[in-house]
Amino acid sequence: MAILEAKNVSIRYITGDFKDIGLKEYVIRKLTGNYRVTEFWADKDVSFSLERGEMLGIIGSNGAGKSTLLKAVSGIMLPTQGWIRREGSVAALLELGSGFDGELTVRENAFLRGALLGYTRKFMNETYDQIIDFAELKEFEDRPFKQLSSGMKSRLAFSIACLVKPDILILDEVLSVGDEAFSQKSAQKMREVITGGATTILVSHTLTQVRELCTKVLWLHKGRQIEFGVDVQGICDRYEQFQNGELSILQS
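Calculation notes
Residues numbered from 1 in each chain as written. Predicted model: local features only at pLDDT ≥ 70, side-chain atom pairs only at ≥ 80, totals over all residues. Heavy atoms only, no water. Phe/Tyr/Trp six-rings, centres within 6.5 Å; stacked < 30°, edge-to-face > 60°. Helix = DSSP H or I, 4+ residues; strand = E, 2+ residues; numbered from the N terminus. Buried < 20%, exposed > 50% of the residue type's maximum accessible area, 1.4 Å probe, protein only. Lys NZ or Arg CZ within 6 Å of the ring centre and 35° of its normal. Salt bridge = Lys/Arg side-chain N within 4 Å of Asp/Glu carboxyl O. Pairing = 2+ DSSP bridges.

A.B. asks: Explain the packing of aromatic side chains to me, and be specific about the residues and the numbers.
C.D. replies: All told, the structure shown has eight aromatic pairs when counted by the stated rule. Ring geometry for F111 and Y128: centres 5.5 Å apart, planes at 20 degrees, overall stacked. Placement of the pair is F111 in helix α3 (residues 106-116) and Y128 in helix α4 (residues 121-135), with a sequence separation of 17 residues. Each member of the pair F111 and Y128 is classed as buried. Joined through ring pairs, the aromatic side chains of W219, Y239 and F242 make up one cluster. A cation over a ring is seen here: K44 above W41, with NZ or CZ 3.9 Å from the ring centre. R121 extends its terminal NZ or CZ atom over the ring of F111, reaching a point 4.6 Å from the ring centre.

A.B. asks: Run through the pattern of salt bridges, naming residues and quoting values.
C.D. replies: In this structure the tally under the stated criterion is 17 salt bridges. We note a salt bridge from E87 to R85, for which the minimum N-O separation is 3.0 Å. The shortest N-O distance in the salt bridge between E227 and R238 comes to 2.7 Å. Taken together, the positions of E227 in strand β9 (residues 224-229) and R238 in helix α8 (residues 232-243) put the pair eleven residues apart, joining distant regions of the chain. We classify E227 as partly exposed; its relative accessible area is 21%. Residues joined in a network through salt bridges with shared partners are R107, D129, K138, E141 and D142.

A.B. asks: Describe the pairing of strand β8 (residues 216-221), and please don't skip the residues or the numbers.
C.D. replies: Across the six residues that make up β8, a large majority, six, are buried. Going residue by residue along β8, you find K216, L218 and L220 tucked away on one face and V217, W219 and H221 tucked away on the opposite face as well. Relative to β9, β8 is paired through five bridges, and the arrangement is antiparallel. Residue pairing for β9: H221 is matched across the bridge by R224. Two successive antiparallel strands, β8 and β9, enclose a turn made up of two residues, where K222 displays a positive phi of approximately 50 degrees.

See below:
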């Protein structure tokens, strides 16, 4: 049985001109039928399934709908159409700075993020040293979080998400943060996470990571699903050919 399944997921954004005209003019235009509304489908009819321990790579150019889909998978957004079924706990690194307080220390923020992920104080006490050591922040644990570099913040977020061992781990362009040494360490940690049974989704513009780590690939283009399957190398090859102008794709 799949631990994560998405069926015909479509996500629509609706925009209008309210912010430009104010409340009074908005009411008048609504009454006179002169209010403009624009629909934009960020994702349309996306379907995939993952078993325990599998890793899905989501690829596509900017504007493909990758991050929006992740928000729906993590439960931040509800699909306009279709459905998503999840089993177990979910840890999502979508915006690495979210869930942290700049005025709190690194130590306090580690416990704060752990609490937001649903983990007990006892569990975080037992895991804290591993998190800080992996993030290479032992010398900074009592400093205010706002004093850290963006790379340090990313390392802490990644460490917490991986070391608390969620059932489903969602990563949006986080393996490329930090220096080369930490990127390699992150990739090795991801292999351990997969071996340990966690189901993982990785969004990355670095196809090498997708080729090396993922067991399935989902290719999105302008919100539409182009390919999904276990042929990781083949799908990545065709995506590269498309990026290089050597392959065309048909969309309905």
